[in-house]
Amino acid sequence: MSVKSGDEQKTASDDKENVTILAIESSCDETAVAVVRNGRTVLSNIISSQIALHTVFGGVVPEIASRKHVEKINYCVRAALKEASLTLNDIDAIAVTYGPGLVGALLVGVSEAKALSFATGKPLVGVHHIEGHICANYIENKDLEPPFVCLVASGGHSHLCIVKDYGEYEIIGQTRDDAAGEAFDKVARAIGLGYPGGPKVDKAAKEGNPDAISFPQAKIPDAQYDFSFSGLKSAVLNYLNQAEMKGQEVNTNDVAASFQKAVVSVLTEHAIKAAKEYGYDKLAIAGGVASNSGLREALEKACAENGIRFYKPSPILCTDNAAMIGAAGYYEYKKGVRHGMDLNAVPNLPLGDRERRFHVNSQK
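What you see is a predicted model; the values in this text were computed from it and never measured.

Cut-offs used in this document
- Residues numbered from 1 in each chain as written.
- Predicted model: local features only at pLDDT ≥ 70, side-chain atom pairs only at ≥ 80, totals over all residues.
- Heavy atoms only, no water.
- Pairing = 2+ DSSP bridges.
- Helix = DSSP H or I, 4+ residues; strand = E, 2+ residues; numbered from the N terminus.
- Axes fitted to C-alpha atoms, helices over the stretch in contact; angles between N-to-C directions.
- Phe/Tyr/Trp six-rings, centres within 6.5 Å; stacked < 30°, edge-to-face > 60°.
- Buried < 20%, exposed > 50% of the residue type's maximum accessible area, 1.4 Å probe, protein only.
- Salt bridge = Lys/Arg side-chain N within 4 Å of Asp/Glu carboxyl O.

### Concerning the sheet that holds strand β10 (residues 309-311)
So, point 1. One open sheet holds the five strands; their spatial order is β8-β7-β6-β9-β10, and the pairing between them is mixed. Edge positions in the sheet fall to β8 (168-174) and β10, since each has one partner strand and no second. Between one strand axis and the next, the sheet turns by 25 degrees as a mean value, whatever way the strands run.
So, point 2. Pairing analysis gives six bridges linking strand β7 (residues 158-165) to β8, with the strands arranged antiparallel. Opposite L160, over in β8, you have G173 as the bridge partner.

### Brief notes about the packing of aromatic side chains
So, point 1. The final tally for this structure, using the stated rule, is nine aromatic pairs.
So, point 2. Arranged with centres 5.9 Å apart and planes meeting at 55 degrees, the rings of Y225 and Y278 form a pair that is tilted. Here the residue Y225 occupies a position in the loop between α6 (197-205) and α7 (230-246), and Y278 occupies one in helix α8 (residues 252-278), the gap between them amounting to 53 residues.
So, point 3. Y225 sits in the buried class, given a relative accessible area of 4%.
So, point 4. The interplanar angle of 75 degrees and the centroid separation of 4.9 Å between the aromatic rings of Y330 and Y331 together place this pair among those described as edge-to-face. Just as Y330 is buried, Y331 falls in that class too.
So, point 5. Taken together, the ring pairs connect Y138, F148, Y166, Y330 and Y331 into an aromatic cluster.

### Quick notes on the pattern of salt bridges
So, point 1. The final tally for this structure, using the stated rule, is 15 salt bridges.
So, point 2. As a salt-bridge pair, E71 and K68 come within 2.9 Å of each other at their nearest N and O atoms. Separated by three residues within a single helix, E71 and K68 lie in helix α2 (residues 62-83), roughly one turn from each other.
So, point 3. Using a relative accessible area of 53% as the deciding quantity, one classes E71 as exposed.
So, point 4. Salt-bridge contacts for D281 lead to R309; the nearest nitrogen and oxygen are separated by 3.1 Å. Remark: R309 occurs in strand β10 and D281 occurs in the loop between α8 and β9 (282-286); sequence separation between them is 28 residues.
So, point 5. Assessed through its relative accessible area of 43%, R309 is described here as partly exposed.

Such coordinate-based values are descriptive only and should not be taken to indicate function.
The following block contains the structure:
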């Protein structure tokens, strides 16, 4: 993203009403650093992706990801400051993702943020990764304010939550097993598309018939807003195995389209139902799967039909990035959240009380 000019280039010392955040994100396989002003203006957004490195392994290798973060983190900090035409003296606080995510990867970002905070005396603000994804909506939708319903769908998370206020979330639905993005990756691998699965299934689905195969759409009787994609994934694998045993040719594009339709239908149905039953006329999406063209089109159509305003970040802000962490960090900073040098990585950091209870119960 290009650097801003004019009044937006003033430093915090020139205009005390401005809060400029240096944000760091390293929860998985993107090393990202951004400079964000007042939670909604991105002065720089640097992303060093490791996709090519992990593709050969068919998925993210945690130790390799951590080592690459170590190699790239200082470069990304310098690049973000340079693109924003600022120095560390112009920064008001350091925000960093401290969970959830891969523990080794998180530790690199947290260590960098603590070092910068210690060296400069700037406040340190830990940010929840999923809160970052939700706050990505504020960057391009200047009119969006809480409360609203948000569907978070990514490789590790599928949440349906009510954003009651900045930094205040109520989880009303979540996955019981595989997350939506995880299912995309597994199905992509099964039909020979490889890694990363989400974009490749989306591309293949455009060439296929979504009604060619009827795959199941799981519903949870005792939790109408929860998700389950494990059965759908198994149904795809069973279809492929049966076709192989019978010597039948498999149309990869049709499988991709039919699978994607099943995922999109469930996500859309749950999100629209939640917005209507809880009485909200605003619905936002977030997370890597939120860049899926089928999901974006289905939700946009459903929202228009139900009188709901629909908000979506650009695809670059759906995948892991530091601009979203800067947006979330700003609202945490304004609330007075500060962390000390004892801030640590929390790989299973929950979002809201309901998620915490679910994790506790699932570990018994």
